[in-house]
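# Fold and geometry: a report
These are the residues of each chain, in order.
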2 protein chains.
Amino acid sequence: MALYTERLMRHLDAVEQAITAALPKAEGDEVSVAPLMAYACEGGGKRIRPVLLLEFCHLCGGDPQKALPFAAAIEMIHSYSLVHDDLPCMDNSPLRRGKPSVHAAYGETMALLAGDALLNRAFEAMLSPQVEIAPDAVIRAAYELAHRAGIHGMIGGQVLDLACEGKRIDLPTLQTLQEGKTAALLTAACRMGAILGGGSEEQIRQAGEYGYYLGLCFQIVDDILDVTSTAEELGKPVGSDDENEKSTYVSLLGLEEARRRAADYTRQATESLTAFSEERTDLCALAEALLVRSH
Amino acid sequence: MALYTERLMRHLDAVEQAITAALPKAEGDEVSVAPLMAYACEGGGKRIRPVLLLEFCHLCGGDPQKALPFAAAIEMIHSYSLVHDDLPCMDNSPLRRGKPSVHAAYGETMALLAGDALLNRAFEAMLSPQVEIAPDAVIRAAYELAHRAGIHGMIGGQVLDLACEGKRIDLPTLQTLQEGKTAALLTAACRMGAILGGGSEEQIRQAGEYGYYLGLCFQIVDDILDVTSTAEELGKPVGSDDENEKSTYVSLLGLEEARRRAADYTRQATESLTAFSEERTDLCALAEALLVRSH
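A quick note: this is a predicted structure, and the numbers were derived from the prediction, not measured.

## Quick notes on the overall build of chain A
Check the secondary structure of chain A and you find 15 helices and 2 strands. Over its C-alpha trace chain A gives a radius of gyration of 19 Å, about what one expects of a compact globule, namely 19 Å for 295 residues. In terms of overall dimensions, chain A has C-alpha extents of about 50 × 50 × 35 Å along its principal axes. Relative to its 295 residues, chain A shows a buried fraction of 53%.

Okay, structure coming up:
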């Protein structure tokens with residue numbers, strides 16, 4: 001089952017170009033973190049956050065072209081978080097998507113600064129004088145990202161994750177943790193798209209709900225694949241959660257209940273979009289495809 | 001010679017309150033980086049960037065009260081850069097302003113995330129729906145900060161500094177390095193204040209020039225104090241630049257020429273403010289006080 005429909009594939013192409021356009025150019029032989037920033041954002045990922053952002057902009061009647069700096073920005077925020085997550089003092093991961101992680105390739109100090117630079121650059125891109133979006137929507141969308149990427153969103157989730165390391169945690173704690181780590185940025189992506197597309201308050205709300213349930217479902221499926229996949233299918237070691245004695249949806253709920261819950265979240269995601277036109281079926285197909293994905 | 005006149009002292013008081021207001025509240029016994037963010041922003045510093053921001057807002061006829069979230073934001077950006085600078089993979093400093101640095105007090109992982117959270121929070125503060133500044137000015141001022149804190153400003157300077165570690169560098173390289181590391185954020189502070197205060201393009205330009213020269217002068221005086229002060233006066237070890245074989249304005253120019261150049265920059269800073277009212281004398285006094293400071 002293909003992840004993206006034809007229109008979403010066009011968004012994906014646009015996203016790749018937007019990221020390249022938003023990154024700083026490496027100038028000559030000067031020492032710079034620009035190459036590290038580009039390396040950290042290089043393809044391989046699904047680009048799901050920026051694709052969702054552009055699709056919600058489209059569904060609300062906006063021009064996705066004009067939302068591209070915001071699409072690039074949310075991917076840069078996602079990328080910076082991976083660069084810092086991989087650092088020795090965090091997960092100490094030498095690999096990311098099968099390639100050396102940024103610090104493994106360029107050293108720890110430069111990786112730290114490249115992450116900082118990506119986070120900073122995301123806001124530079126959204127607030128640039130070249131953005132052709134009404135000022136009120138620019139501010140609201142950029143605030144949305146700042147708010148959900150920060151201490152009450154993604155960073156909050158990372159902090160909670162660290163605090164829970166090596167401990168058995170309960171389901172509400174796992175839920176709170178994943179709301180921050182995974183769902184917050186997906187919620188932001190969908191809401192930002194609706195805001196930039198000039199959507200109604202109800203559309204913005206529903207977009208956020210879709211992103212929220214998609215995020216939680218995404219994480220449960222990750223947990224399921226960790227116990228049911230082969231390493232070959234997954235492209236990374238399996239069973240790592242169990243090895244690390246990490247509490248996951250599967251360890252807390254069992255495989256069957258985790259599957260049921262994932263299906264339930266997918267249904268809630270697809271059913272939340274009543275305020276959108278028939279074209280919303282692309283997003284329903286995406287949610288279904290993410291549910292049955294094998295890697 | 002006091003650093004701040006009476007009006008600037010009032011700005012300083014307002015800044016302290018604004019930082020407290022802009023930081024996230026630590027909630028109960030929950031694990032959080034909120035206390036680390038507060039610790040990183042705790043007093044002791046001169047708060048020169050936010051004070052300048054408020055003063056230029058005032059000089060342009062704006063209401064400094066309304067600019068407070070931006071004043072807090074630039075101090076949070078400055079603070080995050082110190083937290084990350086102190087990390088083991090950067091300067092590995094156990095102390096900052098005579099207290100344990102954030103990672104020394106709370107561990108490396110949490111310090112990394114606290115720095116990220118401060119950088120992120122700065123934008124959250126400026127873009128908050130509660131800000132009472134015209135949207136165009138909000139975007140322009142926040143962009144100013146994003147631009148000058150990033151790869152073409154402060155982070156660029158840090159990267160160049162790392163690349164020059166343990167090497168003898170020439171004066172143009174040192175100048176470029178300090179333009180990024182020190183002058184960029186001071187330039188941003190002054191320009192942001194003028195933008196938020198509704199200043200003319202000429203006032204914004206002159207404000208930036210003042211900040212730029214003040215920043216360069218500040219660094220030269222730092223280099224001079226490192227060789228002429230006693231540790232007691234300076235509150236930190238002296239002669240550390242020489243010990244680290246670090247190229248400084250003093251090592252490249254000699255003490256007398258460095259002094260001459262510092263005085264020259266101070267003059268350029270104070271003479272750049274022709275588009276402002278007589279009240280600009282407070283800023284001239286500040287520039288003079290920074291030139292003759294002993295710590």
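What follows picks up the thread again.
## So, the interface of chain B and chain A
Contacts between the two partners involve 40 residues from chain B and, on the opposite side, 40 residues from chain A. Elements with a contribution of two residues or more to the side of chain B that touches chain A: α6 (108-127), α7 (135-149) and α8 (154-163) of chain B. With 12 residues, α6 of chain B is the single largest residue contributor to the side of chain B that touches chain A. Looking at the side of chain B that touches chain A, its residues break down into 27 nonpolar, 8 polar and 5 charged.

## Brief notes about the relation of the copies chain B and chain A
Least-squares fitting of chain B to chain A yields an RMSD of 0.0 Å, with the transformation described by 0.0 Å of translation along the axis and a rotation of 180 degrees. Seen this way, the second copy is the image of the first under a two-fold rotation axis. Across chain B, the smallest distance between a C-alpha and the rotation axis is recorded for P135 of chain B, namely 2.9 Å. Here 100% of the interface residues in chain B have copies in chain A that are interface residues too; the copies meet face to matching face.

## Describing unusual backbone geometry
All names here are of chain B. Unlike most non-glycine residues, R47 shows phi in positive territory, near 55 degrees. With respect to the element layout, R47 can be found in the loop between α2 (34-41) and α3 (48-59). Although it is not a glycine, R97 adopts a positive phi angle of roughly 50 degrees. Among the secondary structure elements, R97 is positioned in the loop between β1 (95-96) and β2 (99-100).

## Quick word on helix α8 (residues 154-164) of chain A
Of all 11 residues making up α8 of chain A, 8 are buried, and the element is well covered by its neighbours. For α8 of chain A, the set of buried residues is M154, I155, G156, G157, Q158, V159, L160 and D161 of chain A. Packing partners of the buried residues in α8 of chain A comprise α4 (68-86), α7 (135-149) and α9 (171-196) of chain A together with α6 of chain B. Trailing α8 of chain A by a residue or two, G166 of chain A shows a phi angle of about 75 degrees, which is positive.

## Focus: the environment of D116 of chain A
With respect to the element layout, D116 of chain A can be found in helix α6 (residues 108-127). Among residues more than four places away in sequence, those in contact with D116 of chain A are H84, L119 and I155 of chain B.

## What about the environment of H11 of chain A?
Residue and element names in this part refer to chain A. With respect to the helices and strands, the residue H11 is situated in helix α1 (residues 6-22). You can call H11 buried: it has 27 C-beta atoms within 10 Å. Taking the C-alpha atoms as reference points, H11 and L68, 57 residues apart in sequence, are found 9.4 Å from one another.

## What about the packing of α8 of chain B against helix α9 (residues 171-196) of chain B?
Residue and element names in this part refer to chain B. With their axes 7 Å apart at the nearest point, α8 and α9 run at an angle of 145 degrees to one another. In the crossing of α8 with α9, the sense of the turn from one axis to the other is left-handed. Taking contact as the criterion, the partners of M154, G156, G157, Q158, L160 and D161 in α8 are, on α9, T176, L177, Q178, E179, G180, K181, A184 and L185. Its residues assigned to classes, the contact of α8 with α9 comprises 5 nonpolar, 6 polar and 3 charged.

## Let's talk about the environment of V51 of chain B
Counting through the fold element by element, V51 of chain B comes out in helix α3. When residues no more than four places from it in sequence are discounted, the contact partners of V51 of chain B are Y4, L8, H11, L12 and V15 of chain B.

## Describing helix α1 (residues 6-22) of chain B
Residue and element names in this part refer to chain B. Over its 17 residues, α1 runs 24 Å from end to end, which matches the ideal 24 Å to within 8%, given 1.5 Å per residue. Looking only at α1, the buried set comprises L8, H11, A14, V15, A18, I19 and A22. Down the axis of α1, the smallest arc covering the buried residues is 140 degrees, so these residues share one side. Set apart from the buried face of α1 by more than 90 degrees, the exposed residues are E6, D13, Q17, T20 and A21. Each element contacted by the buried residues of α1 is listed here: α2, α3, α4 (68-86), α6 and α15 (281-291).

## Some remarks on the packing of helix α10 (residues 201-228) of chain A against helix α15 (residues 281-291) of chain A
Residues and elements named next belong to chain A. Close contact between α10 and α15 brings their axes to 9 Å; oriented N to C, the two are set at 20 degrees. The angle between α10 and α15 falls in the class roughly parallel. Seen along the crossing, α10 lies across α15 with a hand that is left-handed. Only L283, A287, L290 and L291 of α15 make contact with α10, whose side of the interface consists of Y210, L214, C217, F218 and V221.

## Some details on the nonpolar core
Formed by 204 residues in total, the largest nonpolar core has its most connected members in A114 and A142 of chain A together with A114 and A142 of chain B. Excluding its chain neighbours within four sequence positions, the residues that come into contact with A142 of chain B are F123 and L127 of chain A together with F123, M126 and L127 of chain B.

## A short note on the confidence of the model for chain A
Per-chain confidence: chain A averages 93 in pLDDT, with 94% of residues scoring 70 or above. Interface confidence for the predicted complex, given as ipTM, is 0.95, next to a pTM of 0.95.

The rules we used
Residues numbered from 1 in each chain as written. Chains lettered and ligands numbered in written order. Predicted model: local features only at pLDDT ≥ 70, side-chain atom pairs only at ≥ 80, totals over all residues. Helix = DSSP H or I, 4+ residues; strand = E, 2+ residues; numbered from the N terminus. Rg over C-alpha atoms; globule rule 2.2 N^0.38 Å. Buried ≥ 20, exposed ≤ 12 C-beta atoms within 10 Å, placed from the backbone. Contact = placed C-beta atoms within 7 Å. Nonpolar A, V, L, I, M, F, W, Y, C, P; charged D, E, K, R; others polar. Least-squares fit on C-alpha atoms with pLDDT ≥ 70 in both. Axes fitted to C-alpha atoms, helices over the stretch in contact; angles between N-to-C directions. Left-handed = near helix turned anticlockwise from the far one by under 90°. Expected span 1.5 Å × (residues − 1). Arc of directions from axis to C-beta. Parallel < 35°, antiparallel > 145°, perpendicular 65-115°, else oblique. Core = buried A, V, L, I, M, F, W, Y, C linked by C-beta atoms within 7 Å. pLDDT = per-residue confidence, 0-100.

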